[in-house]
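Architecture and fold: a report
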Amino acid sequence: SQTIHQWPATLVQPVGSPLSLECTVEGTSNPNLYWYRQAAGRGLQLLFYSVGIGQISSEVPQNLSASRPQDRQFILSSKKLLLSDSGFYLCAWKLSGGYGYTFGSGTRLTVV
Amino acid sequence: AQSVAQPEDQVNVAEGNPLTVKCTYSVSGNPYLFWYVQYPNRGLQFLLKYITGDNLVKGSYGFEAEFNKSQTSFHLKKPSALVSDSALYFCAAHTGRRALTFGSGTRLQVQP
């Protein structure tokens, strides 16, 4: 069966520090991968999505970047965090051409 | 551009009463519609989806939703609410391109 892992679960980082959040999927090949951010416990904003290794589409220009170095690995990064980067970050995957999205358990990032 | 609207920030209902959480969508082409539930500090759990076929879709935990093309709506319903149904509910849509677009979320509060 397929599983999705996100880590860490929580993270407290100072302003100006770098960020690396990792998401991996097991049990499938060539998934579509997504990063969403949820602010203040409400709506979800699509940040990045990827349909293959090295292919990244950015939805919102901002202080973050994403990379997909391996087929089932999706990394969200920042060189210098801002206070406004605080939020709940969710990774998701789906089969290419499929309809069902599966979400990871999320990372709560607090920038102080 | 596609968008999803959840007009109610919060819905309050007494345990045992029927509940409805509203969702309307605006997408080009045939919509694929989803409902997800989120418990505090957790990822999103899939409840149900409409792809094609019968307009009444049954999902997890006794929830169902009705696709209404003329009203561009996909309201979530349950005949008898439970206190454990209290959570944040998201409606989402996509047309096979890009990624899921989410509504702003509706907090369901079921009172004992």
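So, here's what we can say about the structure. These numbers were taken from a predicted model, which means no experiment stands behind them. (Residues numbered from 1 in each chain as written. Chains lettered and ligands numbered in written order. Predicted model: local features only at pLDDT ≥ 70, side-chain atom pairs only at ≥ 80, totals over all residues. Heavy atoms only, no water.)

1. Some points on the overall build of chain A
The helix and strand inventory of chain A stands at zero helices and eleven strands. Helices (α) and strands (β) of chain A occur, in sequence order from the N terminus, as β-β-β-β-β-β-β-β-β-β-β. For 112 residues, the compact-globule formula gives about 13 Å, and the C-alpha radius of gyration of chain A, at 13 Å, lands near that figure. Dimensions of chain A, computed from the C-alpha atoms along their principal axes, are close to 40 × 25 × 20 Å. Taking all 112 residues of chain A together, the buried fraction comes to 46%. Here the analysis covers contacts within chain A between residues at least 6 apart in sequence; of these, 54% occur between residues at least 24 apart. Entry remark: accessible area of chain A is about 5,000 Å², with carbon and sulfur atoms responsible for 54%. Seen as two clouds, the 8 positive and the 5 negative side-chain charges of chain A have centres 7 Å apart. (Helix = DSSP H or I, 4+ residues; strand = E, 2+ residues; numbered from the N terminus. Rg over C-alpha atoms; globule rule 2.2 N^0.38 Å. Buried < 20%, exposed > 50% of the residue type's maximum accessible area, 1.4 Å probe, protein only. Contact = heavy atoms within 4.5 Å. Areas by Shrake-Rupley, 256 points an atom, 1.4 Å probe, with all protein chains shown as cover. Lys, Arg positive; Asp, Glu negative; His and termini not counted. Charge placed at Lys NZ, Arg CZ, Asp CG, Glu CD.)

2. Brief notes about the overall build of chain B
Along its length, chain B carries zero helices and twelve strands. The linear arrangement of helices and strands in chain B, starting from the amino end, is β-β-β-β-β-β-β-β-β-β-β-β. Over its C-alpha atoms chain B spans a radius of gyration of 13 Å, differing by no more than 12% from the 13 Å that the globule rule assigns to 112 residues. Dimensions along the principal axes, computed over C-alpha positions, put chain B at roughly 40 × 30 × 20 Å. The long-range fraction of contacts in chain B, counting pairs at least 24 apart against all pairs at least 6 apart in sequence, stands at 55%. Of the roughly 5,300 Å² of accessible surface on chain B, 47% is carried by carbon and sulfur atoms.

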